[in-house]
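Listed here are the chains, written in short residue letters.
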Amino acid sequence: MTDSATQTADAIVPVVEPIPDPALNIRELRSAALDRLAEGAFGREMWDYLEGGSGDERSLRWNEEAWGEIRLAPRCLVGVDAIDTTTTLFGSTVASPIGLSPAASHKIWHADGELGVTSAAEEAGMIYCQSTLGTVSMEDVAGATSAPLWFQLYVRRDRDLTASLVARAAAAGYQALVVTVDTPVLGARDTDRRRSVRLPSGLSFANLAGLTPRAEPDLPAHRRVYVERLDPTLTWSDITWLSELSDLPVVVKGVLRPDDAARAIDAGARGVWVSNHGARNLDTVVPTALALPAVAAEVAGRVPVVVDSGIRRGTDVLKALCLGADAVFVGRPYLYGLAAAGREGALAALHMLDTELRMAMGLCGAPSLDALGPDLLWS
Ligand SMILES: Cc1cc2nc3c(=O)[nH]c(=O)nc-3n(C[C@H](O)[C@H](O)[C@H](O)COP(=O)(O)O)c2cc1C
Ligand SMILES: CCCCC(=O)C(=O)O
């Protein structure tokens, strides 16, 4: 037996820090993100901005629950030794139907920021959609990656400035213009309102650098950061204008109703994105798992249907594909990874979802995406 009193310091104090168990799933990555952010000066503020929903956060809970509640009816004895998840969207063939939803200001969670995340998307073979409100410019993102890129547009009141963003996205090689239509005004994001969410010093909205917007209404300081960047006058005629403005296919993000999906296509959109913005805007809004089937039925294959909000497992991805989505995007999951461990954490999140999707496809007797259909859902 060792007498602890005679042990040397080296024997008592571990020389190497214990390595934390790597997170195995998005829930564990979420905990890791929370732990890491809790150490930083503005960590709690940044966590609340990442995680929060609007109002009483009912839709935030529903989003995840609604995917979870759909039950699977797997086929057996199909032969699933080779699983193929490749798909083609707007002319680009990608390894996975999972994509990265646009999210503002990645650098507030980790210095790796947008470049780290796009590098992870490239390695995972997934589409990255950059936000208008990125902390790295769209040109710098495009110059640093060969990942397929889409550009998310917040239409500005100043249409000349808006048109200049679209022209830059086209010139920089983005492959689609995602127009967010579910945020004409800001919702009841109570935690952000209480904490006056703002960009930490040293960071800026790089796409908007040097652009002076037309004078906008006077707002209290805490509402300026985001509200100034929204346009409550947006209507369907703007979708037509945008779809004629460049060759970029316009994808309308934030559709929840079949009649709006039909109007989007009539207005010139070449893609429909079913989203409730991760329940960050309108509380008690329908979860996308419930909205998707009717939208997909209305679209009927005329244009690609994308879905996001509440996807946390490969089984959620599989269910969305069975319900008619052509691609399934995630927001918070890769941001948890980014906040927990920068580029490597974001990559871990993408690998988790990809691995789980492949497992679910194998277990459901669906070796390729075209084998996924509503018959795999228990009714
Ligand atoms: C922190 C954060 C910032 C976001 N910023 C944007 C944005 O700039 N533009 C946009 O269209 N959507 C934005 N979204 C919404 C996402 O694109 C996406 O619709 C949502 O996160 C999907 O839900 P999920 O987080 O449950 O996956 C943001 C979401 C989060 C969590
Ligand atoms: C005004 C919206 C700011 C970015 C965003 O879309 C989000 O935080 O969800």
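Residues numbered from 1 in each chain as written. Chains lettered and ligands numbered in written order. Predicted model: local features only at pLDDT ≥ 70, side-chain atom pairs only at ≥ 80, totals over all residues. Heavy atoms only, no water.

- Under an unreviewed UniProt entry, the protein chain has the name Alpha-hydroxy acid oxidase and belongs to Kineococcus gynurae.
- Annotation of the protein chain in UniProt includes, under Sequence similarities (unreviewed entry), the sentence "Belongs to the FMN-dependent alpha-hydroxy acid dehydrogenase family."
- Quoted straight from UniProt, the Cofactor (unreviewed entry) entry for the protein chain says "FMN". (UniProt positions renumbered as here; feature names shortened; annotations may be inferred.)

**Notes on the overall build of the protein chain**
Piece 1. In terms of helices and strands, the protein chain carries 14 helices and ten strands.
Piece 2. Within the protein chain, buried positions represent 54% of all 379 residues.
Piece 3. A separation of at least 24 residues holds for 75% of the contacts in the protein chain among residues at least 6 apart in sequence.
Piece 4. Accessible area of the protein chain: about 16,800 Å², with a carbon and sulfur share of 54%. (Helix = DSSP H or I, 4+ residues; strand = E, 2+ residues; numbered from the N terminus. Buried < 20%, exposed > 50% of the residue type's maximum accessible area, 1.4 Å probe, protein only. Contact = heavy atoms within 4.5 Å. Areas by Shrake-Rupley, 256 points an atom, 1.4 Å probe, with all protein chains shown as cover.)

**Here's the deal with the site of ligand 2**
Piece 1. Taken together, nine residues are adjacent to ligand 2, and Tyr49, Tyr154, Arg189, His277 and Arg280 come closest.
Piece 2. Residue tyrosine 49 places a side-chain N or O atom 2.6 Å away from an oxygen atom belonging to ligand 2.
Piece 3. Here histidine 277 contributes a side-chain N or O atom positioned 2.8 Å from an oxygen atom of ligand 2.
Piece 4. Across the complex, the protein chains shield 93% of the 280 Å² of accessible surface that ligand 2 would expose by itself.
Piece 5. Classifying every residue of the shell around ligand 2 gives six nonpolar, one polar and two charged. (Near = heavy atom within 4 Å. Polar contact = N/O pair within 3.5 Å; in protein donor to acceptor, adjacent residues only side chain to side chain. Nonpolar A, V, L, I, M, F, W, Y, C, P; charged D, E, K, R; others polar.)

**Section: helix α4 (residues 58–69)**
Owing to its 3.6 residues per turn, the α-helix aligns residues three or four sequence positions apart on the same side.
Piece 1. Taking 1.5 Å of rise per residue, twelve residues should cover 16 Å, and α4 covers 16 Å from first to last C-alpha, within 8% of that figure.
Piece 2. When we look at burial in α4, the residues that qualify are Ser59, Leu60, Asn63, Ala66 and Trp67. The buried residues of α4 occupy one face: seen down the axis, they fall within an arc of 135 degrees.
Piece 3. Looking at the packing, one finds that the buried side of α4 touches α3 (43–51), α12 (288–299), β9 (305–307), α13 (314–322) and α14 (332–363). (Expected span 1.5 Å × (residues − 1). Arc of directions from axis to C-beta.)

**Observations regarding the site of ligand 1**
Piece 1. As a structural note, the neighbourhood of ligand 1 is formed by 25 residues, with Pro102, Ser131, Thr180, Asp308 and Arg312 the closest of them.
Piece 2. Between ligand 1 and serine 275 there is a distance of 3.4 Å, counted from an oxygen atom to a side-chain nitrogen or oxygen.
Piece 3. Arginine 332 is positioned such that a nitrogen or oxygen atom in its backbone is 2.9 Å from an oxygen atom of ligand 1.
Piece 4. Considered on its own, ligand 1 offers 600 Å² of accessible surface; in the complex 99% of this is hidden by protein.
Piece 5. Listing elements by their share of the shell around ligand 1, those giving two or more residues are α3 and α14.
Piece 6. In terms of residue class, the shell around ligand 1 is built from ten nonpolar, ten polar and five charged.

**Section: the pairing of strand β7 (residues 250–255)**
Piece 1. Burial runs high along β7: six of the six residues are buried.
Piece 2. Here strand β6 (residues 176–180) runs beside β7; their pairing, made up of four bridges, is parallel. If you follow valine 179 over to β7, its bridge partner there is valine 252.
Piece 3. As paired elements, β7 and strand β8 (residues 271–274) share four bridges and run parallel to each other. Opposite valine 252, over in β8, you have valine 272 as the bridge partner. (Pairing = 2+ DSSP bridges.)

**Some words on the nonpolar core**
Piece 1. Ranked by internal contacts, the top residues of the largest apolar core, which has 99 residues, are Trp67, Trp109, Leu177, Val272, Leu292, Tyr334 and Leu372.
Piece 2. Considering each element in turn, this core owes the most residues, 15 residues, to α14.
Piece 3. Of all hydrophobic cores here, the second largest spans twelve residues; its members include Cys129, Val178, Val306 and Phe329. (Core = buried A, V, L, I, M, F, W, Y, C linked by side-chain atoms within 4.5 Å.)

**Let's talk about the environment of leucine 77**
Piece 1. In this fold, leucine 77 is placed in the loop between α4 and β1 (87–89).
Piece 2. For the pair leucine 77 and alanine 296, spaced 219 residues apart in the sequence, the C-alpha separation amounts to 29 Å.

**Regarding the packing of α4 against α12**
Piece 1. The contact between α4 and α12 brings their axes to 8 Å, and the two run at 65 degrees. Mapping the contact onto sequence places Asn63, Ala66 and Trp67 in α4 and Thr288, Ala289 and Leu292 in α12.
Piece 2. Of the residues belonging to the contact of α4 with α12, the class tally is four nonpolar, two polar and no charged. (Axes fitted to C-alpha atoms, helices over the stretch in contact; angles between N-to-C directions.)

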